[in-house]
Amino acid sequence: MNRSIALIGFGEAGSTFAGAGDWAGQALAFDILPERRDVMTELGITACDSADEALAGASLVLSLVTADAAPRVAEAVAPLLGEGALFCDMNSVAPGTKRAAAKTIAAGKGRYVDVAVLAPVNPARMKVPLLVSGPDAAEAQAALEAVGFTNVRAVGADVGRASAIKLVRSVMVKGLEALTAEMMMAAHAEGVADEVLASLDASEKTISWTSRADYNLDRMLVHGRRRAAEMDEAAEMLRSLGIPPLMTENTVAWQQALGELGLVPPPEGFEAKLAAAVAAGVLKGEN
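A brief structural summary.

Conventions adopted
Residues numbered from 1 in each chain as written. Predicted model: local features only at pLDDT ≥ 70, side-chain atom pairs only at ≥ 80, totals over all residues. Heavy atoms only, no water. Buried < 20%, exposed > 50% of the residue type's maximum accessible area, 1.4 Å probe, protein only. Helix = DSSP H or I, 4+ residues; strand = E, 2+ residues; numbered from the N terminus. Arc of directions from axis to C-beta. Contact = heavy atoms within 4.5 Å. Salt bridge = Lys/Arg side-chain N within 4 Å of Asp/Glu carboxyl O. Disulfide = S-S within 2.5 Å. Patch = residues over 30% accessible without salt bridge, like charges linked within 9 Å, V, L, I, M, F, W, Y side chains within 5 Å. Areas by Shrake-Rupley, 256 points an atom, 1.4 Å probe, with all protein chains shown as cover.

**Side note on helix α4 (residues 70–77)**
Here is step 1: If you check which residues of α4 are buried, you get Ala70, Val73, Ala74 and Val77. Each buried residue of α4 sits inside an arc of 100 degrees when the element is viewed along its axis, so together they form one side. The exposed set on the far side of α4, more than 90 degrees from its buried face, consists of Arg72 and Glu75.
Here is step 2: Looking at the packing, one finds that the buried side of α4 touches β1 (4–8), α3 (51–55), β4 (58–63), β5 (86–89) and α5 (95–106).

Given below as structure tokens:
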């Protein structure tokens, strides 16, 4: 088998990688949108009429499609992959979805690799952080590095692990973005944005997320009910300003749920606090 690259999907990610990696002459691509063929040609990528054509002889396959299309792509290409071809599923889908896709690929001749893209492809391009997991993670890391990716890390032999790291991290990262929007709309409406931001700057502490997670859980277990009441008032303020308190209402629910457990926080760290909360039924809605 030669070392050609096949790209299934040629949107922003596919075209960015193909151009930045200088894959002209060694990559073939297929996309369901015919208008993307022109971009392929401009970059020196062989534009194919079908996935079957793009996959012929490819040893490294990059699946870069929309999240809803990812399972269908895995099903479609599974019988088309060559012996030992690495199918790198780089789509942002749940770990369970990737595990199901891995079973689909395993029914054919290819090898499935869970790849999580941890940052926007632009402007990072080939420096974008990639996590890879699965039985063939080490070989996939080497193959991705060989075609120009410079920030690849294998994180284990279990399919879904890379995606779990990305999506759990996204709960915080995207959640903070949503909270920022909710906060700033209210601050702007009340004319207090400068003061709010200055206050946040003054109270910001540089600590590790391990310590921060432990501290935050501690405060919620001890003061959750009081904080829920405060955030309920904040939600009422947002509603009075015509701003849906989408994030704040759920903050109320989490603060209340943890506060009502009535637990003395274990001192051992965030794992012990989480274990105590789960044992007390917080995830089962028993409190």
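**Notes on the environment of Gly175**
Here is step 1: Inspection of the secondary structure puts Gly175 in helix α8 (residues 161–190).
Here is step 2: With relative accessibility at 16%, the residue Gly175 sits in the buried group.
Here is step 3: On a C-alpha basis, the gap between Gly175 and Ser50 in space is 39 Å, while along the polypeptide they are 125 residues apart.
Here is step 4: The residues contacting Gly175, other than those within four sequence positions of it, are Ser170 and Met247.

**Some thoughts on the pattern of salt bridges**
Here is step 1: The tally for this structure, following the rule as stated, stands at nine salt bridges.
Here is step 2: Notably, a salt bridge pairs Arg37 with Asp49, separated by 3.0 Å at the nearest N-O pair. Of the two residues, Arg37 is situated in helix α2 (residues 37–42) and Asp49 in the loop between β3 (46–47) and α3; the sequence distance between them amounts to twelve residues.
Here is step 3: Of the charged contacts, one joins Glu236 and Arg239 as a salt bridge, the two residues approaching to 3.4 Å between their closest N and O atoms.

**Some details on the state of the cysteines**
Here is step 1: In this structure the tally under the stated criterion is zero disulfides.
Here is step 2: The cysteine Cys48 is free of any disulfide, with Cys88 supplying the nearest cysteine sulfur at 18 Å.
Here is step 3: Classification of Cys88 as buried rests on a relative accessible area of 0%.

**A word on a nonpolar patch on the surface**
Here is step 1: On the surface, Met172, Leu176, Leu179 and Trp209 cluster together into a nonpolar patch covering about 360 Å² of accessible area.
Here is step 2: With three residues, α8 is the single largest residue contributor to the nonpolar patch.
Here is step 3: Within the secondary structure layout, Met172 lies in helix α8.

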